[in-house]
Amino acid sequence: MADNTKKIAFLGDSITQGIGTPINSYEHWNAVFANLLGNEYAYWNLGLGYGRADDAASDGVWLYKAKQNDIVFVCYGVNDIFQGYSADTIKKNLQTIVDKLHEFGICVIIQTIPPFNYSEEQRGKWQEINNFIKCELKNVELVFDCVKYLAKNDSEPHMAKYGGHPNRAGCKVWGEALFEAITEVIEK
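Residues numbered from 1 in each chain as written. Predicted model: local features only at pLDDT ≥ 70, side-chain atom pairs only at ≥ 80, totals over all residues. Heavy atoms only, no water.

## Quick word on the sheet that holds strand β2 (residues 41-47)
Then, in step 1: Pairing within the open sheet is parallel, and its five strands lie in the order β2-β1-β3-β4-β5. Edge positions in the open sheet fall to β2 and β5 (142-144), since each of these has one partner strand only. Strand-to-strand, the axes of this sheet are offset by a mean angle of 20 degrees, without reference to chain direction.
Then, in step 2: Relative to strand β4 (residues 107-111), strand β3 (residues 71-75) runs parallel, the two being bridged by four bridges. Bridge pairing links V72 to V108 in β4. (Pairing = 2+ DSSP bridges. Helix = DSSP H or I, 4+ residues; strand = E, 2+ residues; numbered from the N terminus. Axes fitted to C-alpha atoms, helices over the stretch in contact; angles between N-to-C directions.)

## What to know about the packing of aromatic side chains
Then, in step 1: Within the structure shown, the criterion is met by 13 aromatic pairs.
Then, in step 2: Taken together, a centroid distance of 5.5 Å and an interplanar angle of 85 degrees make the contact between F10 and W29 edge-to-face. Of this pair, F10 sits in strand β1 (residues 6-12) while W29 sits in helix α2 (residues 29-37), and the two are 19 residues apart along the sequence.
Then, in step 3: For F10, a relative accessible area of 2% puts it in the buried group.
Then, in step 4: Relative to F116, the ring of F82 has its centre 5.2 Å away and its plane inclined at 70 degrees; by these criteria the two rings are edge-to-face. A residue pair is termed long-range when its members are at least 10 positions apart, and F82 in helix α5 (residues 78-82) and F116 in the loop between β4 and α7 (120-135) qualify at 34 residues. (Phe/Tyr/Trp six-rings, centres within 6.5 Å; stacked < 30°, edge-to-face > 60°. Buried < 20%, exposed > 50% of the residue type's maximum accessible area, 1.4 Å probe, protein only.)

## Quick look at the nonpolar core
Then, in step 1: Residues L11, F33, F73, Y76, I97, L101 and I186 are the most contacted members of the largest nonpolar core, which totals 57 residues.
Then, in step 2: In this structure, I97 is in contact with L11, A53, A56, A57, L63, V74 and Y76, ignoring residues within four places of it in sequence. (Core = buried A, V, L, I, M, F, W, Y, C linked by side-chain atoms within 4.5 Å. Contact = heavy atoms within 4.5 Å.)

## What about the packing of helix α6 (residues 87-102) against α7?
Then, in step 1: Between α6 and α7, the least distance of the axes is 10 Å, while the angle of their chain directions is 30 degrees. When the axis of α6 is compared with that of α7, the two are roughly parallel. In terms of crossing hand, the pair formed by α6 and α7 is right-handed. For the pair formed by α6 and α7, the contact residues are A87, D88, I90, K91, L94 and Q95 on the first element and K125, E128, I129, F132 and I133 on the second.
Then, in step 2: Classifying every residue of the contact of α6 with α7 by side-chain character gives six nonpolar, one polar and four charged. (Parallel < 35°, antiparallel > 145°, perpendicular 65-115°, else oblique. Left-handed = near helix turned anticlockwise from the far one by under 90°. Nonpolar A, V, L, I, M, F, W, Y, C, P; charged D, E, K, R; others polar.)

And the structure:
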């Protein structure tokens, strides 16, 4: 890696890790995105199965790894919702992650929480947190709304068209849409 190569990390849970796509296929959303963006960057997938915003907000080793990069994509919330964390706690944790990354001068790109066939109670929390991400979260360079690409339809945005862990077709749609949205933030 050249000294001037920008480093990009993808910080998230099993969806970021690539669960849902074939093993060792490199067809998950961030691999699709990285392939489109090209070899001028170094990439680090910090997606971890069952990861939560609560874990990363603790500012331990996991977030330390993310701090070693120039640009960090953040995608958390599914497991926090499933574990019963309150919407306020999840929002606070997301803001903490962003703030801790910004303390290191990192460009932060956050994504909305993907659809995952949520129950009615979970859906209300999911909507509240996604509204927070889109309208109130501070210190992010870009908010990418993955829901409009992964939702079953407009009337059931909480339902996952490509599976809660998006399959290769869903990840292709997601990665390509993210690539199109990112051109204002990342120099190509």
